[in-house]
Amino acid sequence: MQKYSIFNLIKNAFSGHQNWDLAWKDPTPKKEYDVVIIGGGGHGLATAYYLAKEHNITNVAIIEKGWIGGGNVGRNTTIIRSNYMHDDNALFSEFGMDLWRNMSQDLNYNVMFSPRGIINLAHSDAQMNVYARRGNSMRLNGIDAILLNREQVKEIIPMADFSDNVRFPIFGGLMQPSAGTARHDAVAWGYARQADSMGVDIIQNCEVTGFDVVGGKVNGVRTSRGDIKVKKIGLCVAGSTNILAEKLNMTLPVETHLLQACVSEPVKPILDRVVTFGAGHFYISQSDKGEMVMGGDLDGYNSYAQRGNLPTLQHVLTEGIAMMPFLSKLKMLRTWGGIMDMSMDGSPIIDKTHIEGLYLNCGWCYGGFKATPASGWTFAHTIAQDRVHKLNAGYSLNRFNTGQLLDEKGLGTKTWIS
Amino acid sequence: MLYIKCPHCGMRSQNEFSYGGDATVKRPELNSEVSDHDWDNFVYNRKSLRGKHWELWQHISGCRQWIKVERDTATHEIFNTLKAHEEISK
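Since the model is a prediction, treat every value here as computed from it, not as a measurement.

Engineer: Explain the interface of chain B and chain A here, please?
Structural biologist: Many structure descriptions define interface size as the accessible area lost when the parts assemble. Between chain B and chain A, the residue contacts involve 22 residues of the former and 24 residues of the latter. In this assembly, chain B packs against chain A so that about 2,200 Å² is buried in total across both faces, 50% of it on carbon and sulfur atoms. At the boundary of chain B with chain A, the tally comes to 1 salt bridge. Close ionic contact of Arg46(B) with Glu255(A) constitutes a salt bridge, the shortest N to O distance being 4.0 Å. Applying the counting criterion to the chain B and chain A interface returns 12 residue pairs in polar contact (both at pLDDT 80 or more). Only β3 (18-22), α1 (36-43) and β4 (52-58) of chain B provide two or more residues apiece to the side of chain B that touches chain A. Tallied by class, residues from the side of chain B that touches chain A come to 7 nonpolar, 9 polar and 6 charged.

So, in structure tokens, the structure goes:
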């Protein structure tokens, strides 16, 4: 594989950048693989990469119905953080933060990881207490957290509404300085390029039409481009999880919902952090292009549409304007939607299933993008070793049955409860 | 914007409603032996169909009644609405 470097950039400049290698091939599916990963999104591509890199399993295919990186890895608001209170979430996410910090070097691909810090705003004394508790839990798990008072927040984000006459005054906030953003498409492409170079087949425009399960064991997968014999399948399909589960006669603690995001017209640099509104569900950062990247609540009803309705967008942006009034002057550039695999307790599932050789990775709710490397790493481990790693032990499928819920925020499918 | 025909009030905008999830889920019978598996299915597990989906909505800013709505989860088209007590015809 051609290394991306300043020297290669200069060298290729002489030939007008016409002779770069393709970043990944377009292979025809083979008849048999050791592992098939269904879903060529961030998590699927990362899983294939870590299967090859950490476990030397390279006879792997990624099967993607559309094109790689066309789903939620290309539709999120690029926030990366590990500001969780529960140990299972905190340790998993912080492991991921270490992978994020080294990702550009590891993948030889600039993912533009920008640890600019995230601030969760608090709007009452009670919320400050909750944040203090969460911050302490984070620090006990080795994650950086700083509790900011109103004046400290004002120093960092003076453009927020600090006037006296607001419905939700800013009391302070919890900041994780090491959190940040990354270029989401580059994450997908970087993993794809490295996985491909190690021998993984990335098969696009190939839909899974069924499974060959014999005597409770995976025997193969049927696709629109032919049948493939395989003993281990990793399901990494986010918003399509329920559709494929139905083909496997499984009913999962997951509902498929629609989440919208939007960007404003590009403006000069004003916001150099990620900020979330504490009195509702709204988050914002500014992209390198200058656009304000914003998102918030689910549309609230089951949907596979990948496009949303205006009432939710209006609701979300109302919160945004309450937090940062200058946003009302901006024109909206684009809005879009993605379909989320909303688990019932708001935490993901990375586990084995009752079918031997079938591994499940789903339930990412609002937080799939930041989990990409840790999810890929632990899912690869689970598939390769046929047992869960201690980092994803809390993300078990049977926790709903046993009552060991991981209800970090209690935000599952029923958003109106919170 | 969705427009939902409330069986009590007529056609209203989605802003007046709140969503209540899959309408076909049945609570296990009272006074019967209920296995963990049945509870699990009732509380957590959902088919989340792509296509026609019967679901509960509450006309929260209107008559406040719960209603059943048959909606396509891929196109958002609404085919049918029923009062809460009316059975879904198969």
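After presenting the structure, the write-up continues.
Engineer: Please explain unusual backbone geometry as it appears in this structure.
Structural biologist: With glycine set apart, most residues show a phi of negative sign, and most peptide bonds adopt trans. All names here are of chain A. The backbone of Asn249 sits at a positive phi, close to 55°, despite the residue not being glycine. By the secondary structure assignment, Asn249 is in the loop between α8 (241-247) and β12 (254-264). Asn249 gets classed as exposed once you look at its relative accessible area, which sits at 72%.

Engineer: What is the right way to read the layout of surface pockets from this model?
Structural biologist: Regions of empty space are outlined by a rolling probe, equal in size to a water molecule, passed over the atoms. Residue and element names in this part refer to chain A. Computed from the structure, the second largest pocket encloses a volume of approximately 430 Å³. Every residue lining the second largest pocket is counted, 21 residues in all, and those nearest its centre are Thr78, Arg183, His184, Ser287 and Lys289. Of all the secondary structure elements, the ones that give two or more residues to the lining of the second largest pocket are α7 (184-197), β14 (282-286) and β16 (332-343). A per-class count over the lining of the second largest pocket returns 5 nonpolar, 9 polar and 7 charged.

Engineer: For this particular structure, what's the right way to read empty space enclosed by the protein?
Structural biologist: Tallying each qualifying case throughout the model produces 3 cavities of 30 Å³ or more. Split into classes, the residues belonging to the lining of the largest cavity amount to 1 nonpolar, 2 polar and 3 charged.

Engineer: What am I meant to see in the packing of helix α3 (residues 87-101) of chain A against helix α10 (residues 372-385) of chain A here?
Structural biologist: To describe two helices that pack against each other, one gives the angle between their axes and the distance between the axes. Residue and element names in this part refer to chain A. Direction vectors running N to C along α3 and α10 enclose 105°, while the axes themselves pass 7 Å from each other. With respect to α10, the axis of α3 lies roughly perpendicular. Facing α3, whose interface residues are Phe92, Phe95, Gly96, Leu99 and Trp100, α10 presents Thr372, Pro373, Ala374, Ser375, Trp377 and Thr378.

Engineer: Would you mind showing me how to read the side chain of His76(B) here?
Structural biologist: Following the sequence through the fold, His76(B) ends up in the loop between β5 (66-72) and β6 (78-83). One polar contact links His76(B) to Ser303(A), side chain to side chain, over a distance of 2.9 Å. Those residues within four positions of His76(B) in sequence are excluded, and the remaining contacts are Tyr301(A), Ser303(A), Ala305(A), Arg307(A), Asn309(A), Leu2(B) and Arg71(B).

Engineer: Looking at this model, I keep getting lost on the sheet that holds β5(B). Mind explaining?
Structural biologist: Note on sheets: strands pair through backbone hydrogen bonds, and any given pair is parallel or antiparallel. Residues and elements named next belong to chain B. Judged by pairing direction, the sheet is antiparallel, and its 4 strands sit side by side in the order β3-β4-β5-β6 without closing on themselves. The open sheet is flanked by β3 and β6, the only strands paired with a single partner. Neighbour-to-neighbour, the strand axes of the sheet open up by a mean angle of 30°, direction not taken into account. Bridge count between β3 and β4: 4 bridges; the pairing is antiparallel. Bridge assignment links Gly21 to a residue of β4, and that residue is Leu56.

Engineer: So what exactly am I meant to see when it comes to the environment of Gln127(A) here?
Structural biologist: Residue and element names in this part refer to chain A. Along the polypeptide, Gln127 turns up in helix α5 (residues 125-140). Sequence-wise, Gln127 and Arg399 are 272 residues apart; in three dimensions their C-alpha atoms are separated by 29 Å. The contact partners of Gln127, leaving out residues within four places of it in the chain, are Leu121, Ala122 and Gly278.

Engineer: Even after reading the chapter, I still don't get the pattern of salt bridges, so can you show me in this structure?
Structural biologist: Side chains that differ in charge, positive against negative, can pair when their charged atoms come close. Throughout the structure, instances matching the rule amount to 15 salt bridges over all chains. Of the charged contacts, one joins Lys53(A) and Asp106(A) as a salt bridge, the two residues approaching to 3.3 Å between their closest N and O atoms. Remark: Asp106(A) occurs in helix α4 (residues 103-107) and Lys53(A) occurs in helix α2 (residues 42-55); sequence separation between them is 53 residues. Judged by relative accessible area, which is 38%, Lys53(A) ranks as partly exposed. A salt bridge links Arg12(B) to Glu16(B), with the shortest nitrogen-to-oxygen separation between them at 3.3 Å. The partly exposed category is assigned to Arg12(B), whose relative accessible area is 30%. The network of salt bridges with common partners includes Lys53(A), Glu54(A) and Asp106(A).

Engineer: Looking at this structure, how should I read the side chain of Asn309(A)?
Structural biologist: Among the structural elements, Asn309(A) can be located in the loop between β15 (292-302) and α9 (310-323). On the basis of relative accessibility, which here comes to 9%, the residue Asn309(A) falls in the buried class. Side-chain polar atoms of Asn309(A) contact the side chain of Tyr301(A), separated by 2.6 Å. Those residues in contact with Asn309(A), other than ones at most four positions away along the chain, are Gln260(A), Asp299(A), Tyr301(A), Met1(B), Leu2(B), Gln14(B) and His76(B).

About the thresholds
Residues numbered from 1 in each chain as written. Chains lettered and ligands numbered in written order. Predicted model: local features only at pLDDT ≥ 70, side-chain atom pairs only at ≥ 80, totals over all residues. Heavy atoms only, no water. Contact = heavy atoms within 4.5 Å. Buried area = accessible area lost by both parts, 1.4 Å probe. Salt bridge = Lys/Arg side-chain N within 4 Å of Asp/Glu carboxyl O. Polar contact = N/O pair within 3.5 Å; in protein donor to acceptor, adjacent residues only side chain to side chain. Helix = DSSP H or I, 4+ residues; strand = E, 2+ residues; numbered from the N terminus. Nonpolar A, V, L, I, M, F, W, Y, C, P; charged D, E, K, R; others polar. Buried < 20%, exposed > 50% of the residue type's maximum accessible area, 1.4 Å probe, protein only. 1 Å grid on protein atoms, 1.4 Å probe; cavity = no way out; pocket = protein on both sides within 12 Å on 5 of 7 lines; lining within 4 Å. Points joined across faces, edges and corners; volume = space filled by probe spheres on them. Axes fitted to C-alpha atoms, helices over the stretch in contact; angles between N-to-C directions. Parallel < 35°, antiparallel > 145°, perpendicular 65-115°, else oblique. Pairing = 2+ DSSP bridges.

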